[in-house]
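Chain by chain, the residues run as shown.
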Amino acid sequence: MPSTLAIITIALAIVYGILYAVLYATQSNSEPRLIPTTIPFLDSAIGIARHKVDYLVSLRRRYGLPIHTLRMPFQRIYVINAPQLIQVVQSKTNLSTFVPTLLDFGMLFSGLNRTSKDTLTKAYGAHGNGFTKSVHRYLASGLDLHAATRTAVEKLTVGIRCGFAGQGQVGLYDALRHQLCLALTGAIYGAENPYDDPAVEASWLEFVPGISHLLYSPFPSLTAHKALKARARVIKAFQNYFETGSHMQAFAMIPEMFNTNANHGLPPSEAAKLEMATSLAMLSSGAISAFWLMFHIASDPDVLRTCREELLNLVVKEADTPSGKAKVVDLSNIRTQCSTLTAMWHETLRYHSTVINIKKVQHNITLVSEYSLKKGAIVMIPGTAVHHDTNIWGPSASEFDHKRFFTPAGRKNLSNTAAYRPFGAGTTMCPGRHFSTSVVLSLVAMVLLQFDIEPVQGQWQMPTKKNADMWNAMPKPDQDVPVNVRRRVDKDASDTEWKLVWGATTGEKE
Ligand code: HEM
């Protein structure tokens, strides 16, 4: 009689053999190469769950393939690494072949009820919920963008003056995150910004870790219980905001979105839930980017000194203040006058970005006459693999080196979305990129001009980012970095009063 163990072993071997046979029988030779598998249909899922975007980067390093296939239960994924193929997938002619899958990302975690989801799907079809369209219209360029940036910068100047000075020891990430939260949401939600209430900001922070559960867990009500309660508190604050008409004092995008959705039949209680998507766009990647940028500048004395010198180029005049004279700094010129600070920003995004673009193949197609892609499959473009590709960025691709953007080759890559894609690419490219870039750079400039930041531990140590959420375009550090914040005492800054503005009335030095 064979033992139970022997029977189980034989059964497992048979199942394994069948799965292996099915895997290869259903994979065509003309499809992109299948990555060798140890556990058919499961090892990619396990790899992604364990190592997140690093799994895709390691496959790129190990096999060096321009495109390859990963198989999961009932789903095939084509991972694209080569710039030439990325360009083809992103091209206008292929817009209807490769369709973004996350247009309704906001609907997945906002808690909208079934009726509201149906209402929005009927109203906007494949365009999710109208939120993305509104951001494209209001924040991608023009006077509205300028107005929103100016308000955010005004809020930052007040917040930094009152909130940073004399704080002593703080977490670098949390201190920047808090300032950015109040500035970005203040500029968009107006005088009655719900996030001005510390309890709402705290609830938002409690909700964010639950997003992964809402996206991937089969039982989010069990696994993300606390986060869902926190979400309910934020939604309640927004419901009150809409019901009291506070949105009428907001940036024009907010009342317009509310009225359009109301005309489609969405009540204020449900419109309040949609603000979870707006909030996430504003509050997810910007603060993380600001943290990494500040970390790299503050931990490199040469770069710190150069950035501060460059910022002095932004002084446009002197103004009288009640306590004497202030130097007026026009932060809207950062990108043209501060090449090192700007290069540090680009390098921060290139080096750290964890963006993954996901599209669905709408019909069978042969890519560049070579690779057959099947209808219904998912195409993934991992930004990290592209950003760390030595064929694009040279042998130093995996090092942090902002000077790469001082070379013609680096500058050329910057304008090529198949090489540099922290904000995505094509029609869905982040419409908040100019707003967030301007506000983050202004925040960092304000801190650099007015404060010295030193690590409590005595030495700067880069935190790990292994636990970062896969849905986020930028990786949150696993631990905050405790720092001491002090007003600057060096000769350039000790007795200088700064007036920091976005777009001064005169561009001439007086
Ligand atoms: C440093 C900060 C930010 C980063 C790194 C970032 C990154 C991204 C990325 C990678 C995408 C996907 C692009 C694609 O699919 O090709 C995206 C989409 C989007 N972002 Fe941002 N983002 C940032 C800040 C913001 C801000 C502040 C807002 C709004 C105020 C915003 C609004 C949006 C919207 C609405 C979309 C969806 C666009 C669409 O599907 O058409 N983002 N962002």
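Residues numbered from 1 in each chain as written. Predicted model: local features only at pLDDT ≥ 70, side-chain atom pairs only at ≥ 80, totals over all residues.

1. Brief notes about helix H14 (residues 253-263)
The criterion, for reference: The burial criterion counts other C-beta atoms lying within 10 Å of a residue's C-beta, which is placed from the backbone; the residue is buried at 20 or more, exposed at 12 or fewer, and partly exposed between these limits. For helices the rule is a DSSP run of H or I covering at least 4 residues; for strands it is a run of E covering at least 2, with both sets numbered from the N terminus onward. The arc refers to the directions leading from the helix axis to the C-beta atoms. Whether two residues are in contact is decided by their C-beta atoms, placed from the backbone, lying within 7 Å.
Residues Ile 254, Met 257, Phe 258 and Asn 261 constitute the buried set of H14. Projected onto a plane normal to the axis of H14, the buried residues spread over an arc of 95° and lie on a single side. Residues of H14 that are buried make contact with helix H7 (131-139), helix H9 (172-189), helix H13 (225-243) and helix H15 (268-283).

2. Observations concerning the nonpolar core
Threshold: By our criterion, buried Ala, Val, Leu, Ile, Met, Phe, Trp, Tyr and Cys residues that link up through C-beta atoms within 7 Å make up a nonpolar core. Each domain's extent is set by a domain assignment, obtained either automatically or from a database.
Leu 172, Met 294 and Val 444 are the most contacted members of the largest nonpolar core, which has 124 residues in total. Here this core gets twelve residues from one element, more than from any other, and that element is H9. Composition of this core by domain shows at least three residues from each of domain 1 (1-81 + 363-416) and domain 2 (112-355 + 422-501). With near-sequence residues (within four places) excluded, Val 444 lies in contact with Ala 290, Leu 293, Met 294 and Ile 297.

3. Observations regarding the domain arrangement of the chain
The domain boundaries assigned to the chain delineate domain 1 (1-81 + 363-416) and domain 2 (112-355 + 422-501). Centre-to-centre separation of domain 1 and domain 2, based on C-alpha positions: 33 Å. Counting residues at the interface gives twelve residues for domain 1, matched by 14 residues for domain 2. Ranked by residues supplied to the side of domain 1 that touches domain 2, first place goes to helix H20 (residues 383-387) with three residues.

4. A look at the UniProt feature "transmembrane region" (unreviewed entry) in the chain
Here is the rule: UniProt positions are given in the numbering used here, feature names are shortened, and annotations may be inferred rather than shown by experiment.
In this structure's numbering, the residues bearing the UniProt feature "transmembrane region" (unreviewed entry) are residues 6-25. Between the end C-alpha atoms of residues 6-25 there is a gap of 28 Å, over a span that is 100% helix and 0% strand.

5. As for the site of the ligand
We apply this condition: Nearness between a residue and a molecule or strand is assessed with a C-beta atom placed from the backbone; a distance within 6 Å qualifies. Following the grouping adopted for this structure description, the nonpolar residues are Ala, Val, Leu, Ile, Met, Phe, Trp, Tyr, Cys and Pro, the charged ones are Asp, Glu, Lys and Arg, and the polar ones are all others, Gly among them.
The environment of the ligand is formed by 25 residues, the closest being Ala 281, Ser 285, Gly 424, Cys 430 and Gly 432. For the shell around the ligand, the secondary structure elements donating two or more residues are H7, H15, helix H16 (285-298) and helix H23 (433-450). Residues that form the shell around the ligand fall into these classes: 16 nonpolar, nine polar and no charged.

6. Notes on H9
Every α-helix carries 3.6 residues per turn, so stepping three or four residues along brings you back to the same face. Threshold: Take the number of residues in a helix, subtract one, and multiply by 1.5 Å to get its expected span.
Counted at 1.5 Å a residue, the expected span for H9 with its 18 residues is 26 Å, and the 26 Å between its end C-alpha atoms agrees. With 17 of 18 residues buried, H9 lies mostly within the body of the structure. Gly 190, located one to two residues past H9, shows a positive phi value of around 80°.

7. Quick word on unusual backbone geometry
The residue Phe 74 is not glycine, and still its phi comes out positive at about 60°. Tracing the sequence through the fold places Phe 74 in the loop between strand E1 (67-72) and strand E2 (75-80). The class of Phe 74 is exposed, set by 7 C-beta atoms lying within 10 Å. The backbone of Ser 369 shows a phi angle near 55°, a positive value even though the residue is not glycine. By secondary structure assignment, the location of Ser 369 is in the loop between strand E8 (365-367) and strand E9 (371-373).

8. Things to note about the sheet that holds E2
Spelled out, the test is: Pairing between two strands requires that DSSP report at least two bridges joining them. Axis geometry follows a simple rule: fit a line to the C-alpha atoms, using only the stretch in contact for helices, then measure angles between N-to-C directions, giving values from 0 to 180 degrees.
Taken together, the five strands give an open sheet; going across it, the order is E1-E2-E10-E7-E3, and neighbouring strands pair in mixed fashion. Looking along the sheet, the strands with just one partner apiece sit at the ends: E1 and strand E3 (98-100). Between one strand axis and the next, the sheet turns through 35° on average, direction left out of account. Bridge count between E3 and strand E7 (residues 356-361): three bridges; the pairing is antiparallel. Residue pairing in the sheet places Pro 100 in a bridge with Lys 359 of E7.

9. Side note on the sheet that holds strand E4 (residues 168-171)
In a beta sheet, neighbouring strands are held together by backbone hydrogen bonds and run either parallel or antiparallel to one another. Reading across the sheet, the three strands line up as E4-E12-E11 and stay open at both edges, with antiparallel pairing between neighbours. With one partner strand each, in any of the chains shown, E4 and strand E11 (451-455) form the two edges of the open sheet. Adjacent strand axes in the sheet meet at a mean angle of 35° when their direction is disregarded. Bridge analysis of E11 against strand E12 (residues 482-487) gives five bridges, and the strand direction is antiparallel. In the strand pairing of E12, Asp 452 is matched with Arg 486. The strands that H9 touches are E4, E11 and E12; relative to E4, the one it contacts most, it runs at about 80°.

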